[in-house]
Amino acid sequence: MSLHKKVRVRFAPSPTGGLHLGGVRTALFNYLFARQHGGDFILRIEDTDQTRFVPGAEEYIKECLAWCGIVPDESPENPGSYGPYRQSERKPSYRQYAEQLVEKGLAYYAFDTAEELDAQRKQHPNFRYSHENRLQLRNSLSLAPAETNQLLAAGEPHTIRIKMPADGIVAFEDMIRGKVSFETNLVDDKVLLKADGMPTYHLAVVVDDRMMEISHVFRGEEWLPSAPVHLLLWEYLGWKDEMPQWAHLPLILKPDGNGKLSKRDGDRLGFPVYAMNWVDAKTGDVTKGFREMGFLSQAFVNMLALLGWNDGTEQEIFTATELVEKFSVDRVSKAGAKFDFEKAKWFNHEWIKKASNADLLPQINHIIETQTNRVFEEGYIAEVLSLVKERLTFVEDFWTQSSFFFTEPSSYDVDAVKPKWNSDKQLFFEEVAQEFNELASWNAADIETLFKTKISDKGLKVGELMMPFRIMLVGGKFGPDVFKIAELLGKTEVLERIQRAIPAFS
Ligand code: GLU
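Visitor: So what's going on with the site of the ligand? Residues and values would help.
Guide: By nearness alone, every residue bordering the ligand is listed as Arg 10, Ala 12, Ser 14, Glu 46, Tyr 201, Val 205, Arg 219 and Trp 223. Contact between the ligand and Arg 219: an oxygen atom at 3.0 Å from a side-chain N or O atom of the residue. Expressed as a share of its isolated accessible area of 300 Å², the protein-covered part of the ligand is 85%. Looking at the shell around the ligand, its residues break down into 4 nonpolar, 1 polar and 3 charged.

Laid out in structure tokens, this is it:
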């Protein structure tokens, strides 16, 4: 791709609530593209719809980006020379462009009140303000110029609407979809400037992308239907040559592929859809996020990158640096990407395996301290962690996988032992405990040799004694290599656990 102007991309969320994983993916693809081309990644807050504004949402968005390591080069907090970075603060800059279009006959004043429009909607269920009916509605196209001027002079509330051409075709080249075209007859006369003087998203997005010199726009497929309005605005405002290149990202679909993944699917199927916990300030309802559910940010980002993109090989695990290197728009698919929570968990599992002990220790220490109220030696915790890391889907699983390293079993899976328990076995463990006691070197290999030699000396079966031994130390039929467990627990603890378990098995 030949890039003439500096790459400048933007993530432009509206602060209306929690951030859906699709939103974070949009931010990520913009970010990867910017980094790859040595460009700028901008965070712009699109808060012109004040009825949907939710306090705290902007802070939440910023925290999500920070958690994911998607750091903007310019943002409300860290402005560059294209500010302000909140649309509400740019309010005075928009009206002039809407007025310009009215002057050129490409937009018009509309005086219809909310009640009048409601009445229209009641009368015509598929009501759209368009070339078909605009001359029957109350606007500067249907009214005499003198009447329009009078209304304006009297301060009559009005909006400015784009005048969509009849029977036209609007087309552009999407970086992902190739040529996309729209019939203008199917698009209504969108409001550009609202009665309160605020621009709508359509006007603001075009003006700001131009003023901020945005070169490429990666945004969700749900914005594709708005593209013809944006394209015409670029053209009508005389900026067509500066228009960014667009890439509409594939939808993220429900696990069964039937429709767009929504927050409700998450609630219904028990997985998060938001990046982080979102608390509804009015109801206090908490919507669970990936972060709080125990996802590592690297796993979350890696999983998102693969929703609609791959590098053409079988590789699935990518670090952020690799993603910056390998991401390419050509390999973003047009088809929707199904969200698969099991796969998301697999990514987390793989990233936990890859994580260094040092990365995980702060969380692990916290888990151990909360569970036991005791402090353990760091070296011991690190050894346990290395042993069980392979088994963790979430860092929180550490406790279920390894509590027996920190407290003795609170119960035994006796059903797995009792039916086959007999005096030979009891005697074996009593004797083996004594021999363990005399063992000079306490390591897994020597413990194993002693244990197995004794079994064959007594003519018993290895298979029948390993499980009871594990249950004595662990409580259940799980965990890493039993001799390694014995080594880490230490001789005294192992002897105590054997003595304690025998009566429970008899
Ligand atoms: N404010 C829009 C949103 O909330 C941005 C759409 C766009 O990127 O053009 O997603």
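Visitor: Any chance you could break down the sheet that holds strand E4 (residues 159–162) for me, citing the residues and the numbers?
Guide: A sheet is described by the order of its strands in space; here 3 strands give the open sequence E3-E4-E7, paired in antiparallel fashion. Looking along the sheet, the strands with just one partner apiece sit at the ends: strand E3 (107–110) and strand E7 (191–193). Taking each pair of neighbouring strands and ignoring which way they run, the sheet shows an average axis angle of 40 degrees. The pairing of E3 with E4 spans 4 bridges and is classified as antiparallel. Bridge assignment links Ala 110 to a residue of E4, and that residue is Thr 159.

Visitor: Describe in detail the side chain of Ser 297, supporting the description with residues and values.
Guide: Mapped onto the elements of the fold, Ser 297 is located in helix H10 (residues 297–305). Judged by its relative accessible area of 17%, Ser 297 is buried. Apart from residues lying up to four places away in sequence, Ser 297 is in contact with Trp 67 and Cys 68.

Visitor: I'd like a rundown of the nonpolar core, residues and numbers included.
Guide: In this structure, Phe 339, Phe 405, Phe 429, Phe 436 and Phe 469 are the most contacted members of the largest nonpolar core, which totals 114 residues. Here this core gets 9 residues from one element, more than from any other, and that element is helix H1 (residues 21–36). Residues within four places of Phe 436 in sequence aside, it is in contact with Trp 442, Ile 447, Leu 450, Phe 451, Phe 469, Lys 491, Val 494, Leu 495 and Ile 498. Counting residues in each nonpolar core, the second largest holds 44 residues, with Tyr 97, Ala 107, Leu 203 and Trp 239 among its members.

Visitor: Can you lay out the packing of aromatic side chains for me, pointing to particular residues and giving the numbers?
Guide: Taken as a whole and judged by the stated rule, the model has 42 aromatic pairs. On the basis of an interplanar angle of 90 degrees and a centroid distance of 6.2 Å, the ring pair of Phe 290 and Phe 339 is categorised as edge-to-face. One end of the pair, Phe 290, is in helix H9 (residues 290–293); the other, Phe 339, is in the loop between strand E13 (337–338) and helix H12 (341–354), with 49 residues separating them in the sequence. Residue class for Phe 290 comes out buried when judged on its relative accessible area of 0%. Judged by its relative accessible area of 1%, Phe 339 is buried.

What counts as what
- Residues numbered from 1 in each chain as written.
- Predicted model: local features only at pLDDT ≥ 70, side-chain atom pairs only at ≥ 80, totals over all residues.
- Heavy atoms only, no water.
- Near = heavy atom within 4 Å.
- Polar contact = N/O pair within 3.5 Å; in protein donor to acceptor, adjacent residues only side chain to side chain.
- Areas by Shrake-Rupley, 256 points an atom, 1.4 Å probe, with all protein chains shown as cover.
- Nonpolar A, V, L, I, M, F, W, Y, C, P; charged D, E, K, R; others polar.
- Pairing = 2+ DSSP bridges.
- Helix = DSSP H or I, 4+ residues; strand = E, 2+ residues; numbered from the N terminus.
- Axes fitted to C-alpha atoms, helices over the stretch in contact; angles between N-to-C directions.
- Buried < 20%, exposed > 50% of the residue type's maximum accessible area, 1.4 Å probe, protein only.
- Contact = heavy atoms within 4.5 Å.
- Core = buried A, V, L, I, M, F, W, Y, C linked by side-chain atoms within 4.5 Å.
- Phe/Tyr/Trp six-rings, centres within 6.5 Å; stacked < 30°, edge-to-face > 60°.

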